Amino acid sequence: MRIGEVPEPELRETDVMVQIHATSVNPLDAKIRDGEFKLILPYRLPLILGNDAAGIVIRVGSKVSRFKPGDEVYARPSKDRIGTFAEFITMDEADVAMKPKNLTMEEAASIPLVALTAWQVLVERANLKSGQKVLIHAGSGGVGMIAIQLAKHLGATVATTTSTANVDLVRNLGADVVIDYKKEDFEKVLHGYDVVLNSLGTDTLEKSLRVLKPGGKLISISGPPDPAFAKENSSGWLLQQAMRLLSFRIRRKAKRRQVSYSFLFMAPSGEQLRQIASLIETGVIRPIVDRVFPFEQTNEALAYVETGRAKGKVVITVK
Ligand SMILES: NC(=O)c1ccc[n+]([C@@H]2O[C@H](COP(=O)([O-])OP(=O)(O)OC[C@H]3O[C@@H](n4cnc5c(N)ncnc54)[C@H](OP(=O)(O)O)[C@@H]3O)[C@@H](O)[C@H]2O)c1
């Protein structure tokens, strides 16, 4: 990745143009850069990376009704229009929301992609209810730290996995049961769970089946993709078969244990970001920012996230 000059992005009728003040790094950025998402997200190069934005609206399209120049906003742009590692971006107004008033631009930029992911897993897909038990893997990561707080707000009992250094951090976020993976094996400790949010590898995925009770839901954001996702993604026949095959083993194991397996790839939503903003403004959810990098050090910011050791989010100041 290198810095360069490009023309201003095109503004469509329902678009807002945002001057980006801050953005944040997601493991997705490095995966796209490395070509890992070629089949699902067929981007053309040169490409501006970046999936989170906080900034100020400077122009609006002729059919925009919700925003005006000067509004402070935050967003995760649609997957076809990413590119927040930049000074300006245009996005459909449906993907944008007013930034939480109590957050700085840096804090606001740390929220969209991970909070939408946590929301779509726990609220939409799992329909998590008060009194249920949920296991959230990697509680100190970008997704995990928001998911813990959201699950507690929904009234669930929350277990999470993390390493020794981050035990206090996840407890402070509200986790009821903390499994230090350096000392304990979560599958030996946790039983009768309703939902597992998996963001780790195959080994963790398969072990997670065994902590669920019959009827429980294993929802993975780190793969493997399943046939339902292939359909949703309008993948061609060949890709659908590939995803069927990739997830065959875990779906078969899940069925045997009378639990369900599904893969989720988050989607942008201004409406959900509005609801998340009000949870932030009322103190239900707070961001955790590990490090802030200047724009010129975007490559270093990505490298830091790639170590897999970030505590919360890594942010880049653009303006
Ligand atoms: N499908 C989707 O829509 C979607 C959306 C968002 C993210 N994702 C994917 O989900 C994964 C996580 O994303 P993220 O943004 O949360 O990543 P992240 O912030 O980079 O995660 C870093 C954290 O993971 C923890 N961790 C690493 N190995 C662990 C293990 N074995 N057990 C428990 N914790 C562990 C680390 O804690 P320790 O230092 O204590 O180990 C660290 O705090 C990535 O693969 C990402 O691509 C998918």
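Residues numbered from 1 in each chain as written. Predicted model: local features only at pLDDT ≥ 70, side-chain atom pairs only at ≥ 80, totals over all residues. Heavy atoms only, no water.

Engineer: Explain the packing of helix H7 (residues 202-209) against helix H10 (residues 248-256) here, please?
Structural biologist: The relative placement of two packed helices comes down to the angle between their axes together with the axis-to-axis distance. The geometry of H7 relative to H10 is characterised by a closest axis approach of 10 Å and an angle of 15 degrees between their N-to-C directions. The angle between the axes of H7 and H10 places the two elements in the roughly parallel class. Pair H7 / H10 crosses with right-handed handedness. Packed against H7, whose contacting residues are Leu205, Glu206 and Leu209, the element H10 presents Arg249, Ile250, Lys253 and Ala254 at the interface. Among the residues forming the contact of H7 with H10, the class breakdown is 4 nonpolar, no polar and 3 charged. (Axes fitted to C-alpha atoms, helices over the stretch in contact; angles between N-to-C directions. Helix = DSSP H or I, 4+ residues; strand = E, 2+ residues; numbered from the N terminus. Parallel < 35°, antiparallel > 145°, perpendicular 65-115°, else oblique. Left-handed = near helix turned anticlockwise from the far one by under 90°. Contact = heavy atoms within 4.5 Å. Nonpolar A, V, L, I, M, F, W, Y, C, P; charged D, E, K, R; others polar.)

Engineer: What am I meant to see in the site of the ligand here?
Structural biologist: In the vicinity of the ligand there are 23 residues, among which Ser163, Tyr181, Met266, Arg309 and Ala310 approach most closely. The separation between an oxygen atom of the ligand and a polar side-chain atom of Lys31 is 2.8 Å. In this structure, an oxygen atom belonging to the ligand sits 2.7 Å away from a side-chain N or O atom of Arg309. Counting only elements with at least two residues in the shell around the ligand, the list comes to helix H1 (27-33), helix H3 (112-125), helix H4 (142-153) and strand S7 (157-162). Taken together, the residues of the shell around the ligand break down into 11 nonpolar, 10 polar and 2 charged. Looking at the shell around the ligand, you find at least three residues from each of domain 1 (15-111 + 287-317) and domain 2 (113-263). (Near = heavy atom within 4 Å. Polar contact = N/O pair within 3.5 Å; in protein donor to acceptor, adjacent residues only side chain to side chain. Domains from an automatic or database assignment.)

Engineer: Is there a simple way to think about unusual backbone geometry in this case?
Structural biologist: Peptide bonds are mostly trans, and most non-glycine residues show a negative phi. A cis amide bond links Leu45 with the next residue in sequence, Pro46, at an omega value of -5 degrees. With respect to the secondary-structure elements, Pro46 resides in the loop between H1 and strand S2 (53-60). Of the consecutive residues Gly223 and Pro224, the connecting peptide bond is found in the cis state with omega at 0 degrees. One can find Pro224 in the loop between strand S10 (212-220) and helix H8 (227-232). Positive phi, close to 55 degrees, is recorded for Ala138, a residue that is not glycine. If you trace the backbone, Ala138 turns up in the loop between strand S6 (133-136) and H4. One non-glycine residue, Ser234, lies in the positive phi region at around 50 degrees. Looking at where Ser234 falls in the secondary structure, it is placed in the loop between H8 and helix H9 (237-246). Taking relative accessible area as the criterion, Ser234 reaches 64% and is therefore assigned exposed. (Buried < 20%, exposed > 50% of the residue type's maximum accessible area, 1.4 Å probe, protein only.)

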